Amino acid sequence: MAKQKQIKLYLWSIIVCGAALTLSAAFRMPWSTLGLRLLLLALITVAISSRFSVRIPRANTNVTVSDTFIFLVLLLYGGPAAILLSAIEGLTSGRRISKTPTIVFFNAAVMVCSTSATVMALSQLGVSPPTSLAATVIAASVMALTQYLSNTALVGVGLALKASTPFWPTWKRHYLWTSITYFGGAAAACIIFRS
């Protein structure tokens, strides 16, 4: 019973954090400057890209290609837009993997938290939006690494709690190789952004 309480506490703490970050992004969003292109990217992300997933060999996980579009929105429209899009995409993909509301909200909150961490990392480095080729390469690397580490760490802790196993072996077994998809997604977003 204590294990179940610990898992619930963890899930709800991430959900609350994700909700707070989503509200903050909604208040900071420059609503008047948005256009049809952002709406089109959002529709592609939610309706199409999150349905395509890459199965990671020897791991019980799938990674969607929606991160590419979230990274692209981050580069084109800024952090608040990317955070809000990640919340919507997280809810949509969460509903496909589970019918349990807590898991759906947790999935969305993880996406929001990891995208927020990525926004903060880019902001701290001053490479958003990137203006040169070198800045674009740095931005792609930072986006991929930050999104990968924060996303897989948050999910890995939940999985370790559920399985009553240490974090590191759990993370290494299930998420080590998913880095490839994050770096591929960030590179694709930066190539589209540069063109």
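Residues numbered from 1 in each chain as written. Predicted model: local features only at pLDDT ≥ 70, side-chain atom pairs only at ≥ 80, totals over all residues. Heavy atoms only, no water.

1. Focus on the overall build of the chain
Secondary structure assignment for the chain yields eight helices and two strands. Burial analysis of the chain (195 residues in total) assigns 46% to the buried set. The long-range fraction of contacts in the chain, counting pairs at least 24 apart against all pairs at least 6 apart in sequence, stands at 70%. Per element, the accessible surface of the chain, about 10,400 Å² overall, is 70% carbon and sulfur. (Helix = DSSP H or I, 4+ residues; strand = E, 2+ residues; numbered from the N terminus. Buried < 20%, exposed > 50% of the residue type's maximum accessible area, 1.4 Å probe, protein only. Contact = heavy atoms within 4.5 Å. Areas by Shrake-Rupley, 256 points an atom, 1.4 Å probe, with all protein chains shown as cover.)

2. Re the layout of surface pockets
Size it by volume and the second largest pocket reaches roughly 210 Å³. Every residue along the wall of the second largest pocket is listed here: M29, W31, L34, L38, L39, A42, L43, V46, A81, L84, L85 and I88. Only α2 (36-48) and α4 (79-97) provide two or more residues apiece to the lining of the second largest pocket. Among the elements that line the lining of the second largest pocket, the one with the most residues is α2, at five residues. Considering only residue class, the lining of the second largest pocket consists of 12 nonpolar, no polar and no charged. (1 Å grid on protein atoms, 1.4 Å probe; cavity = no way out; pocket = protein on both sides within 12 Å on 5 of 7 lines; lining within 4 Å. Points joined across faces, edges and corners; volume = space filled by probe spheres on them. Nonpolar A, V, L, I, M, F, W, Y, C, P; charged D, E, K, R; others polar.)

3. Quick notes on the side chain of T152
Topologically, T152 is positioned in helix α6 (residues 133-163). Of the polar contacts made by the side chain of T152, one reaches the side chain of W171; its length is 2.8 Å. With residues near it in sequence (within four places) discarded, T152 still touches Q147, W171, Y175, T178 and Y182. (Polar contact = N/O pair within 3.5 Å; in protein donor to acceptor, adjacent residues only side chain to side chain.)

4. What to know about a nonpolar patch on the surface
Among the surface-exposed residues, W12, V16, L91 and F105 lie close enough to one another that they form a single nonpolar patch of about 370 Å² accessible area. Inspection of the secondary structure assignment puts V16 in helix α1 (residues 2-28). (Patch = residues over 30% accessible without salt bridge, like charges linked within 9 Å, V, L, I, M, F, W, Y side chains within 5 Å. Salt bridge = Lys/Arg side-chain N within 4 Å of Asp/Glu carboxyl O.)

5. Some words on α6
Over its 31 residues, α6 extends 44 Å from the first C-alpha to the last, a length consistent with the 45 Å expected when each residue adds 1.5 Å. One or two steps after α6, the chain reaches S164, where phi turns positive at roughly 55°. (Expected span 1.5 Å × (residues − 1).)

6. Digging into unusual backbone geometry
Unlike most non-glycine residues, S164 shows phi in positive territory, near 55°. Within the element layout of this structure, S164 appears in the loop between α6 and α7 (167-175). A residue is classified by how much of its surface remains accessible, and S164, at 53% relative accessible area, is exposed.

7. Comments concerning the packing of α1 against α6
Each pair of packed helices gets described by two things: the angle between the helix axes and the distance between those axes. As a packed pair, α1 and α6 sit with axes 9 Å apart at the nearest point and diverge in direction by 165°. Taken together, the axes of α1 and α6 are roughly antiparallel relative to one another. Seen from above, α1 lies across α6 with left-handed handedness. Along the contact surface, α1 presents K3, Q6, I7, Y10 and I14, while α6 presents A153, L154, V157, G158, L161 and K162. When grouped by side-chain class, the residues that make up the contact of α1 with α6 number seven nonpolar, two polar and two charged. (Axes fitted to C-alpha atoms, helices over the stretch in contact; angles between N-to-C directions. Parallel < 35°, antiparallel > 145°, perpendicular 65-115°, else oblique. Left-handed = near helix turned anticlockwise from the far one by under 90°.)

In short, geometric facts, not functional conclusions.
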